[in-house]
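Here is what each chain is made of, one letter per residue.
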Amino acid sequence: MQFIETRGNDGVNAKELNFSEAILSPSASFGGIYVPEKLPEFGTEFLEKHLNSHYKELALDVLQSFEIDIDEATLNEALSRYDAFDDPANPVPLSKIEDDCFVMELYHGPTRAFKDMALQPFGYILSKEAQKRNENYLIMAATSGDTGPATLETFKDQNNIKVACLYPDGGTSDVQRLQMVTEEAENEKVIGVVGNFDDTQNMLKELLASEDFKAELEKRNIKLSAANSVNFGRIIFQIIYHIHGYLELIRQNEITMGENVYLVVPSGNFGNVLGGYYAKKAGLPVEKLLVASNVNNILTDLIDTGVYDMGSRELIKTESPAMDILKSSNVERVLFDKFGGARTKELMDSLNSEGKYRLTPEELALIQEDFEATYSEDDECEAYIAKYAKEGYIMDPHTATCMKSYEKSTPKDLKTIVYSTAEWTKFSTTVARALGSDKTANDTEALQWIAENTDEKVPAMIDELFSKEVKHGMVVEKEFIKDEMLKFL
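(A) View of the overall build of the protein chain. On a plain count of helices and strands, the protein chain comes out with 21 helices and 15 strands. A globule of 489 residues ought to have a C-alpha radius of gyration of about 23 Å, and the protein chain, at 21 Å, matches this closely. Expressed along its principal axes, the backbone C-alpha trace of the protein chain runs to roughly 60 × 50 × 50 Å. The buried share of the protein chain, taken over its 489 residues, is 63%. For the protein chain, long-range pairs separated by at least 24 residues make up 74% of all intrachain contacts whose partners lie at least 6 apart in sequence.

Structure (C-alpha cells):
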C-alpha cells in the first residue's frame, strides 16, 4: 500500500511513498502529512476471524492488512514489546464501571500512558529500518506530557538513532517531567521550552520542513524524522486497540457481532480518536465517536459549529495537561478523508495565515456524521473522579473528561467504551484533591496519601523517579531550540 499527501504534491516530493519511507520522512508537501491511499476492511469477516485472537495476533493481521513493507519477523519483534506490559496476555484490559460503560485501560506499559501502545512497537520498527539502511536519524518529539517519556523509553540506546524531546516547562505533571529529565541514555536530549505545547509542536513542524536545518543535519550525515502522531507510524498502532475493545465486549458477552457501540476518547492532538475513526470507516460497528475535551475546547467548537479559530483563544493550563492543545495536528487527516487534498490545503493555509478556518454547512454535516463533542471544566472532572473512586475505580483527569460525554451524548441504548489514556499516578495531586485530601502540594505527598487511603499501589517505575538524578535541566526560549539540538548532535 502506498501513502499519499494531505495537501497535494509540490512537484519536489514523491507523490506516493511506501510505509517505511513515510515513517522515516513524515513531512509531506506544503507542510502536510501522510495518509494511506485506502483503508483495509475490518468488518464482520475480519472480526469473526479474531474472536479468540491474542492482542499481538490481531495486531499483526491489522498491520499486514495495510500491506506495509516491513517483514513479518520485524513486526513480530516489534509486537513482542507488549510482553513487558503488566499482563502480556492482556496488555489493554477492559474494566466495567457501569452496566453499559467500559474503560479500556491503555496505560499498562512502561511509562504508564497510552502512548506506549504505539511508540513501543513503532520505535523498534523505525530503529530497525534506520539500521537496515545504515542511516542515522534525529527523532524529534514535542510532548504535552506523555509522548516524551514514551519516545525516550522506546528509542533509548538504539543504534543509528538520536532523540531530541521538547516539553513545555511547567506544562506537565511532576511525574511526566521526571520521566523525561532523569533519562540517562547517551543518545537522547530533553529540552524544556518556555511556552506551551503548541509552541513546541509548531517548532517541531518548522524544523521538519526547514531546508536549512536539514542541510545542517546532512553535514553530520543525519536525517530527520518525528515521533509525534504527525507520523503515521504512530496512528497505525492506534487503530488496533479500538478493534480489540470491540472484540473484548463480544468475548465478555456484552454485545453481539455487528452491534454498534459508542467510543469516547479524550482528545488533544486527535491521534487517538483518529485511530477510532479509521477503524469505523474500515467497518468496525461504531455509532459515533465522542470527542471529549477540557476547557481548551477548540475541537468542540469545530465539531459543533464548523469553526476552528485559534486567534480568539489563549491556551489555558488545566488539570488534564496532555489535552492543553489548540492546534490538533490529526484533524488534518480527517479533513483530507472527508474533503480531499485541495480543500485540505485551503483550510490549513487559512489556519496558518489567519489562525482559523470555517467549514461550509455541508462539510460540517459530514463531520457530524461521525463525531460529537463535549468538554469538561476541572471541577467537573474532579467530581467524576470522586464519584467513581467511591465505587472502587480510580481514574485520571483525562479519563474523567470522557464521563460527561458518556452521560450526555449517548442517547441510544448502546454499550460505550471510554479510553483511559494515563494511569492516575501521573496526575496524583489532582486525584488526591478529588478524593478529599489536602496533601496535594506535590506528587510525592499525593502518591503516598492515595496509596494509604485507597487500595491502589504505586508502581515501582513511578516510585523510583523521585530518587533519580536529573540529567536534563535545560529550559530555553523557543528560538534557541535549533541551536541546542545542533550542539547535542
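(B) Up close: the packing of helix H11 (residues 271-281) against helix H13 (residues 331-339). Where H11 meets H13, the axes come as close as 10 Å, and the angle between the chain directions of the two elements is 25°. One way to sum up the angle between H11 and H13 is to call them roughly parallel. Judged by the sense of rotation from one axis to the other, the crossing of H11 with H13 is left-handed. Contact residues: Leu-274, Tyr-277, Tyr-278 and Lys-281 in H11; Arg-333, Val-334, Asp-337 and Lys-338 in H13. Residues of the contact of H11 with H13, tallied by class, amount to 4 nonpolar, no polar and 4 charged.

(C) The layout of surface pockets, seen in detail. The space that makes up the largest pocket amounts to roughly 710 Å³. Taken together, 30 residues line the largest pocket, and the ones lying closest to its centre are Asn-13, Ser-25, Ser-27, Leu-208 and Lys-214. At the level of secondary structure, the elements contributing two or more residues to the lining of the largest pocket comprise helix H1 (19-24), helix H8 (197-209), helix H9 (211-219) and strand E8 (223-226). A total of 4 residues in the lining of the largest pocket trace back to one element, the largest contributor, which is H9. Classifying every residue of the lining of the largest pocket gives 14 nonpolar, 8 polar and 8 charged.

(D) Main features of the sheet that holds E8. If you walk across this open sheet you meet the 5 strands as E8-E5-E6-E7-E15, and the pairing is parallel. Only two strands of the sheet have a single partner each, and these edge strands are E8 and strand E15 (475-477). Here the strands of the sheet are splayed against their neighbours by 30° on average, with no regard to which way each runs. Where strand E7 (residues 188-194) meets E15, 3 bridges bridge the pair, whose relative direction is parallel.

(E) Layout of the sheet that holds strand E10 (residues 286-293). Within the open sheet, the 6 strands sit side by side as E3-E4-E14-E9-E10-E13. Their pairing is mixed. Of all strands in the sheet, those bounded by a partner on one side alone are strand E3 (94-98) and strand E13 (371-375). In this sheet, neighbouring strand axes are inclined to one another by 25° on average, regardless of whether the strands run parallel or antiparallel. Relative to strand E14 (residues 416-420), strand E4 (residues 101-105) runs parallel, the two being bridged by 5 bridges.

(F) Inspection of the pairing of strand E9 (residues 261-266) at higher detail. With 6 of its 6 residues buried, E9 lies for the most part within the structure. Judged by which residues are buried, E9 turns out to be covered on both faces: Val-261, Leu-263 and Val-265 on one side and Tyr-262, Val-264 and Pro-266 on the other are all buried. Across 6 bridges, E9 lies against E10 in parallel orientation. Looking at the pairing, Val-265 lines up with Val-291 of E10. This β-α-β element, E9 to H11 to E10, shows right-handed connectivity.

(G) Spatial organisation of unusual backbone geometry. Look at Glu-67: it is not a glycine, yet its phi comes out positive at around 55°. Along the chain, Glu-67 falls in the loop between helix H3 (55-65) and helix H4 (72-79). Positive phi outside glycine occurs at Asn-160, with the angle close to 70°. Relative to the assigned elements, Asn-160 resides in the loop between helix H6 (147-155) and strand E6 (161-168).

(H) Up close: helix H21 (residues 481-488). For H21, the complete set of buried residues consists of Ile-481, Glu-484, Met-485, Leu-486 and Phe-488. Lining the buried residues of H21 we find strand E5 (137-142), E6, E7, H8, H9 and E15.

(I) How the structure looks around the packing of aromatic side chains. This model, assessed by the stated rule, comprises 13 aromatic pairs. Consider the rings of Phe-42 and Phe-66, whose centres lie 6.3 Å apart with planes at 50°: the pair is tilted. Taken together, the residues span a long stretch of sequence, with Phe-42 in the loop between strand E2 (34-36) and helix H2 (44-49) and Phe-66 in the loop between H3 and H4 at a distance of 24 residues. Of the residues examined, Phe-42 reaches a relative accessible area of 1% and is grouped as buried. Pairing Phe-270 with Phe-371 gives two aromatic rings, centres 5.7 Å apart and planes at 50°, and the pair type is tilted. Here Phe-371 lies in strand E13 and Phe-270 lies in the loop between E9 and H11, a separation of 101 residues in the sequence. Residue Phe-270 is classed as buried on the basis of its relative accessible area of 6%. Through successive ring pairs, a cluster of aromatic residues spans Phe-3, Phe-19, Phe-42, Phe-46, Phe-66, Phe-232, Phe-270, Tyr-277, Tyr-278 and Phe-371. One residue, Lys-162, lies across the ring of Phe-488, its end atom 5.6 Å from the ring centre.

Here is what the cut-offs are and how they apply
Residues numbered from 1 in each chain as written. Predicted model: local features only at pLDDT ≥ 70, side-chain atom pairs only at ≥ 80, totals over all residues. Heavy atoms only, no water. Helix = DSSP H or I, 4+ residues; strand = E, 2+ residues; numbered from the N terminus. Rg over C-alpha atoms; globule rule 2.2 N^0.38 Å. Buried < 20%, exposed > 50% of the residue type's maximum accessible area, 1.4 Å probe, protein only. Contact = heavy atoms within 4.5 Å. Axes fitted to C-alpha atoms, helices over the stretch in contact; angles between N-to-C directions. Parallel < 35°, antiparallel > 145°, perpendicular 65-115°, else oblique. Left-handed = near helix turned anticlockwise from the far one by under 90°. Nonpolar A, V, L, I, M, F, W, Y, C, P; charged D, E, K, R; others polar. 1 Å grid on protein atoms, 1.4 Å probe; cavity = no way out; pocket = protein on both sides within 12 Å on 5 of 7 lines; lining within 4 Å. Points joined across faces, edges and corners; volume = space filled by probe spheres on them. Pairing = 2+ DSSP bridges. Right-handed = clockwise from strand over helix to strand, strands pointing away. Phe/Tyr/Trp six-rings, centres within 6.5 Å; stacked < 30°, edge-to-face > 60°. Lys NZ or Arg CZ within 6 Å of the ring centre and 35° of its normal.

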